[in-house]
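Inside the fold
The chain contents come next:
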Amino acid sequence: QMCIRDRLKDAAERYRAVAERGGSPEQIQTALLGLARTELAAGRDEKAQEAARAYLEKYPETPGVDRARLVAAQAAAHRGEDTAREQLQTVARTASVEVAWEALVSLAESAQDDAATARRLWWEAAQRAPAGEDRRASALLKASALTGEAEGRPALAAELAEEAAQAADTPALRARALGQALDWYREAEQPTRATEVARRLACLLYTSDAADEEDSV
């Protein structure tokens, strides 16, 4: 963790130096956005807001505006500001696909005290997830867990986990999703569905083990 903090600090100092020293508009835009994102990652939310707002004031018509608005909204959420939710909702409605999805994830994470709202937001994030990196499947698994644990609806939770398994890009996440579906079907006392999922999981694990053995030869 110390190494990560040191790297973030070093990156922030480098970005700040470029932003303050000046350069081409493109260089300053990159520096301000990099500074905002680095300060956010380091937990320095006020500094992240300052850099994001500086970008928005100087370059309001550039491609990085969506990302700057997202960083400002995320920092506001971390600081507990009253307008943070509205800011994130605006970004989710109006930004590019990638940035809008990240705003939805931030909204879902900030709504964990309200299980129904969090589950709805994770579901929406799953529907709007950009392709790749298991983002759709991961969001569906979050919705599944909230549906089963917080709302006490194991049958629906199992169905969401099955949907996550179908959406998963990697065998590891597919297996995790099927395992979650199996647990929820058992809790819902649906033995037929549980047996079907158990067979699919066993087949997946066998196939994965066989592939690993083949790769090691």
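Right above here is the structure, for reference.
Residues numbered from 1 in each chain as written. Predicted model: local features only at pLDDT ≥ 70, side-chain atom pairs only at ≥ 80, totals over all residues. Heavy atoms only, no water.

It is the contact of helix α3 (residues 45-58) with helix α4 (residues 65-78), at a shortest axis distance of 8 Å, that shows an interaxial angle of 150 degrees. Between α3 and α4, the angle falls in the class roughly antiparallel. In this structure, α3 meets α4 at a crossing whose hand is left-handed. Every residue of α4 that contacts α3 at Asp45, Ala48, Gln49, Ala52, Tyr55 and Leu56 is listed here: Val65, Ala68, Arg69, Val71, Ala72, Ala75, Ala76 and His78. Grouping the amino acids of the contact of α3 with α4 by side-chain chemistry returns 10 nonpolar, 2 polar and 2 charged. (Axes fitted to C-alpha atoms, helices over the stretch in contact; angles between N-to-C directions. Helix = DSSP H or I, 4+ residues; strand = E, 2+ residues; numbered from the N terminus. Parallel < 35°, antiparallel > 145°, perpendicular 65-115°, else oblique. Left-handed = near helix turned anticlockwise from the far one by under 90°. Contact = heavy atoms within 4.5 Å. Nonpolar A, V, L, I, M, F, W, Y, C, P; charged D, E, K, R; others polar.)

Moving on to the packing of helix α2 (residues 25-41) against α3. For the pair α2 and α3, interaxial distance at closest approach is 7 Å and the crossing angle is 155 degrees. On the basis of the axis angle, α2 is roughly antiparallel to α3. Note that α2 runs across α3; the crossing there is left-handed. Judged by residue contacts, Gln29, Leu32, Leu33, Leu35, Ala36, Glu39 and Leu40 of α2 engage Asp45, Lys47, Ala48, Ala51, Ala52, Ala54, Tyr55 and Lys58 from α3. When the residues that make up the contact of α2 with α3 are grouped by side-chain class, the tally is 10 nonpolar, 1 polar and 4 charged.

Another aspect to go through is the side chain of Asp45. Structurally, the position occupied by Asp45 is in helix α3. For the buried Asp45, which has no salt bridge, the nearest side chain bearing the opposite charge is Arg79, at an N-O separation of 6.1 Å. Within the structure, the side chain of Asp45 is placed 3.1 Å from the side chain of His78, a separation counted as a polar contact. If we skip the residues at most four places from it in the chain, Asp45 touches Leu40, Ala75, His78 and Arg79. (Buried < 20%, exposed > 50% of the residue type's maximum accessible area, 1.4 Å probe, protein only. Lys, Arg positive; Asp, Glu negative; His and termini not counted. Salt bridge = Lys/Arg side-chain N within 4 Å of Asp/Glu carboxyl O. Polar contact = N/O pair within 3.5 Å; in protein donor to acceptor, adjacent residues only side chain to side chain.)

Even without glycine at this site, Glu133 takes up a positive phi of about 60 degrees. Following the sequence through the fold, Glu133 ends up in the loop between α7 (115-127) and α8 (135-150). Its relative accessible area of 68% is what places Glu133 among the exposed residues. For Glu189, which is not a glycine, the phi torsion comes out positive at approximately 60 degrees.

Functional significance is not addressed by these values, which are geometric in nature.
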